[in-house]
Number of protein chains: 2
Amino acid sequence: METPTIIGLTAGTLTTLSLLPQVIKAWKSKSTKDISLGTYCAFTIGLSLWVVYGIELNSPPIIITNVVTLILAVMILLLKIKHG
Amino acid sequence: METPTIIGLTAGTLTTLSLLPQVIKAWKSKSTKDISLGTYCAFTIGLSLWVVYGIELNSPPIIITNVVTLILAVMILLLKIKHG
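Residues numbered from 1 in each chain as written. Chains lettered and ligands numbered in written order. Predicted model: local features only at pLDDT ≥ 70, side-chain atom pairs only at ≥ 80, totals over all residues. Heavy atoms only, no water.

Moving on: the packing of helix H3 (residues 37-56) of chain B against helix H4 (residues 60-83) of chain B. Residue and element names in this part refer to chain B. Between H3 and H4, the shortest axis-to-axis distance is 9 Å and the interhelical angle comes to 155°. The orientation of H3 with respect to H4, classified from their angle, is roughly antiparallel. As for how H3 packs across H4, the hand of that crossing is left-handed. Mapping the contact onto sequence places Leu 37, Tyr 40, Cys 41, Phe 43, Thr 44, Leu 47, Ser 48, Trp 50, Val 51, Tyr 53, Gly 54 and Ile 55 in H3 and Ile 62, Ile 63, Asn 66, Val 67, Thr 69, Leu 70, Ala 73, Val 74, Ile 76, Leu 77, Lys 80 and Ile 81 in H4. Its residues placed into classes, the contact of H3 with H4 shows 18 nonpolar, five polar and one charged. (Axes fitted to C-alpha atoms, helices over the stretch in contact; angles between N-to-C directions. Helix = DSSP H or I, 4+ residues; strand = E, 2+ residues; numbered from the N terminus. Parallel < 35°, antiparallel > 145°, perpendicular 65-115°, else oblique. Left-handed = near helix turned anticlockwise from the far one by under 90°. Contact = heavy atoms within 4.5 Å. Nonpolar A, V, L, I, M, F, W, Y, C, P; charged D, E, K, R; others polar.)

Moving on to the interface of chain B and chain A. Interface extent is often summarised as the accessible area lost during association of the parts. Each partner contributes residues to the interface: chain B has 34 residues there, and chain A has 34 residues. Here chain B and chain A share an interface that buries about 2,900 Å² over both sides, 68% of which is from carbon and sulfur atoms. Run the count over chain B and chain A and you get zero salt bridges. Counting across the chain B and chain A interface gives 19 residue pairs in polar contact (both at pLDDT 80 or more). Counting only elements with at least two residues in the side of chain B that touches chain A, the list comes to helix H1 (3-17), helix H2 (20-29) and H3 of chain B. (Buried area = accessible area lost by both parts, 1.4 Å probe. Salt bridge = Lys/Arg side-chain N within 4 Å of Asp/Glu carboxyl O. Polar contact = N/O pair within 3.5 Å; in protein donor to acceptor, adjacent residues only side chain to side chain.)

Glancing now at the relation of the copies chain B and chain A. The operation relating the pair of chain copies consists of a rotation about an axis and a translation along that axis. Rotating chain B by 180° and translating it 0.0 Å along the rotation axis places it on chain A, where the RMSD comes to 0.0 Å. Such a combination of rotation and displacement between the chain copies is what one expects of a two-fold axis. For chain B, the minimum C-alpha distance to the rotation axis belongs to Asp34(B) and amounts to 2.6 Å. Comparing interface residues between copies, 100% of those in chain B also lie at the interface in chain A; the contact surface is shared. (Least-squares fit on C-alpha atoms with pLDDT ≥ 70 in both.)

Residues and elements named next belong to chain A. Per the stated rule, a full pass over the model turns up two salt bridges over all chains. Linking Asp 34 and Lys 33 is a salt bridge whose minimum nitrogen-to-oxygen distance equals 2.8 Å. Under the relative-accessibility criterion, Asp 34 is labelled buried at 3%. (Buried < 20%, exposed > 50% of the residue type's maximum accessible area, 1.4 Å probe, protein only.)

The next point concerns H4(B). Residue and element names in this part refer to chain B. With 24 residues, H4 extends 34 Å from end C-alpha to end C-alpha; this agrees with the ideal 34 Å at 1.5 Å per step. Of the residues making up H4, those classed as buried are Asn 66, Thr 69, Leu 70, Leu 72, Ala 73, Ile 76, Leu 77, Leu 79 and Lys 80. On its buried face, H4 is in contact with H1, H2 and H3. At the C-terminal side of H4, Gly 84 shows a positive phi close to 80°. (Expected span 1.5 Å × (residues − 1).)

All names here are of chain A. Mapped onto this structure's residue numbering, the UniProt feature "transmembrane region" (unreviewed entry) falls at residues 36-55 and 61-79. As a span, residues 36-55 carries 95% helix and 0% strand, and end to end its C-alpha atoms are 29 Å apart. From the first C-alpha to the last, residues 61-79 spans 27 Å; its make-up is 100% helix and 0% strand. (UniProt positions renumbered as here; feature names shortened; annotations may be inferred.)

With that settled, the discussion passes to the environment of Ile35(A). Its place among the elements puts Ile35(A) in the loop between helix H2 (20-29) and helix H3 (37-56). Discounting residues that sit within four places of it in the chain, Ile35(A) has contacts with Gln22(A), Tyr40(A), Ile76(A), Lys80(A), Gln22(B), Lys25(B) and Asp34(B).

By size, the foremost hydrophobic cluster in this structure holds 24 residues, and its most contacted members are Leu19(A), Tyr40(A), Leu19(B) and Tyr40(B). Taken together, the elements giving at least two residues each to this core come down to H3 and helix H4 (60-83) of chain A together with H3 and H4 of chain B. In this view, Tyr40(B) contacts Tyr40(A), Leu19(B), Gln22(B), Ile35(B), Ala73(B), Ile76(B) and Leu77(B); residues no more than four positions away in its chain are not counted. (Core = buried A, V, L, I, M, F, W, Y, C linked by side-chain atoms within 4.5 Å.)

The next subject is the packing of H2(A) against H4(A). All names here are of chain A. The contact between H2 and H4 brings their axes to 9 Å, and the two run at 25°. When the interaxial angle is binned, H2 and H4 end up roughly parallel. The crossing of H2 and H4 is left-handed. Residues Leu 20, Gln 22, Val 23, Ala 26 and Trp 27 of H2 pack against Leu 72, Met 75, Ile 76 and Leu 79 of H4. Across the contact of H2 with H4, the residue classes break down as eight nonpolar, one polar and no charged.

Printed below as a string of structure tokens:
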């Protein structure tokens, strides 16, 4: 596997899974006051459009990474809406 | 401009600028307790690797979007480190 591909896969994995600690923290603490609702609304819409873009291009990497990130982002958004 | 390109540009703009409300909220409130340090550490490293990936591929869109997001993510990370 070539270096750029390794870098791209590592980057994608990190940015995709980076939301996991925030989901766990919000889930456990039930405290989301400092989390920006605007950020996660815009992020969720943006990620949804990335999934549509990936489908249009028939690109599994774009679809998969953004669906996983979208699921985590929606979880944070729901926790934010629930806990305020 | 073709539909997929418009969708991709919109998605990129939204996910790139989505961090802006979080930067403003953290800057104003000086309260970052609920923000996950792990998320922004992983996110910052991941974005840095996306910039390297963009340079390797000589792809301005990948470089520009991820540099802008990286700047915003680093600002949140610094505010988190400062305010705890």
